[in-house]
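Next come the chains, spelled out residue by residue.
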Amino acid sequence: MNILLLGPPGAGKGTQAKRLEERYGMVQLSTGDMLRAEREAGSALGKQVQAIMDAGKLVSDDIMIALIEQRIGQIGGKGFILDGFPRTVPQATALDRMLAENRIALDQVVEIAVDEAALVDRVSGRFSCKTCGASYHDRHHRPKQDGTCDVCGGHAFIRRPDDNAETVKARLKAYREQTAPILPYYRAKGILRSVDGMAAIDAVAQEIETILNKAKG
Ligand code: AMP
């Protein structure tokens, strides 16, 4: 099963994608993670996208389409979870072309719907374990023992440079203006479902599972 998770920054796409990876052995394809890895590696692409990402704006369609095109053919039989791509209508139509060329079907698109007012608070407080990637929040979900990851016991934590209140507002604007228009595109194809992203993480995961089980038939 191949799915796409849609939703604004802070909706919980990454968290839910990780759950699906663990539970079903699916592969998460996160373009944000790919770009952050390029930056970490100090590659030409990483340098090119740095300022755009830190401003909360979208990287150009050409760059993003080329990036995902390299990966899509290498997935093999495991299902994938697209997280963060497509983010514009041209990216969505390019994805359709790539999938058709590789004879891959996109089975389900799940929108994680959230109340925008809650997102600035959600995103601006988040941080994660540098070792295992487990996510935390300054106010809503601190490690049980301050400074120690609950999952792996690691002591190093990281914050994304674009997870600050000002940049989050720009990212929300980009979502509203450039990404939300792809919802009708998938609704028209009859594969779009929506879940309540304001519910607890486990409840959202349960809703997504129900949708996927129904789609399997
Ligand atoms: P994310 O981790 O998905 O929130 O992505 C972090 C940042 O990477 C975004 O704010 C954009 O600057 C950039 N980015 C990731 N995916 C895309 C995409 N599909 N199109 C354009 N920019 C993207």
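Visitor: Would you take a moment to explain the overall build of the protein chain for this structure?
Guide: Regarding its fold elements, the protein chain presents nine helices and eight strands. Compactness check: the protein chain gives a C-alpha radius of gyration of 17 Å against a globular reference of 17 Å for 217 residues, within 12% of the reference. Taken over the C-alpha atoms alone, the protein chain extends approximately 50 × 40 × 35 Å along its principal axes. Taken across its 217 residues, the protein chain has 43% of its residues classed as buried. By sequence separation, contacts in the protein chain at least 24 residues apart represent 68% of the contacts at least 6 residues apart. About 11,000 Å² of surface is accessible on the protein chain, with carbon and sulfur atoms providing 51% of the total. Taking the 30 positively charged and 28 negatively charged side chains of the protein chain as two groups, their mean positions are separated by 1 Å.

Visitor: Even after reading the chapter, I still don't get the nonpolar core, so can you show me in this structure?
Guide: What tends to happen in soluble globular proteins is that the nonpolar side chains get buried as a cluster. Among the nonpolar cores identified, the biggest contains 32 residues, and L82, F85, L95, L106, V109 and Y186 are the most heavily contacted of them. Sorting elements by how many residues they give to this core places helix α4 (residues 61–72) first, with six residues. When near neighbours in sequence (up to four residues on either side) are disregarded, L106 contacts N2, I3, L4, F80, L95, L99, Y186 and I191. Of all hydrophobic cores here, the second largest spans 19 residues; its members include L5, L20, M26 and V168.

Visitor: Help me understand the environment of L192 in this model?
Guide: For L192, the position within the fold is in strand β8 (residues 192–196). Linking L192 and E111, residues 81 residues apart in sequence, is a C-alpha distance of 7.2 Å. Beyond its immediate stretch of four places on either side in the chain, L192 contacts Q108, V109, E111, L183, Y186 and R187.

Cut-offs and rules
Residues numbered from 1 in each chain as written. Predicted model: local features only at pLDDT ≥ 70, side-chain atom pairs only at ≥ 80, totals over all residues. Heavy atoms only, no water. Helix = DSSP H or I, 4+ residues; strand = E, 2+ residues; numbered from the N terminus. Rg over C-alpha atoms; globule rule 2.2 N^0.38 Å. Buried < 20%, exposed > 50% of the residue type's maximum accessible area, 1.4 Å probe, protein only. Contact = heavy atoms within 4.5 Å. Areas by Shrake-Rupley, 256 points an atom, 1.4 Å probe, with all protein chains shown as cover. Lys, Arg positive; Asp, Glu negative; His and termini not counted. Charge placed at Lys NZ, Arg CZ, Asp CG, Glu CD. Core = buried A, V, L, I, M, F, W, Y, C linked by side-chain atoms within 4.5 Å.

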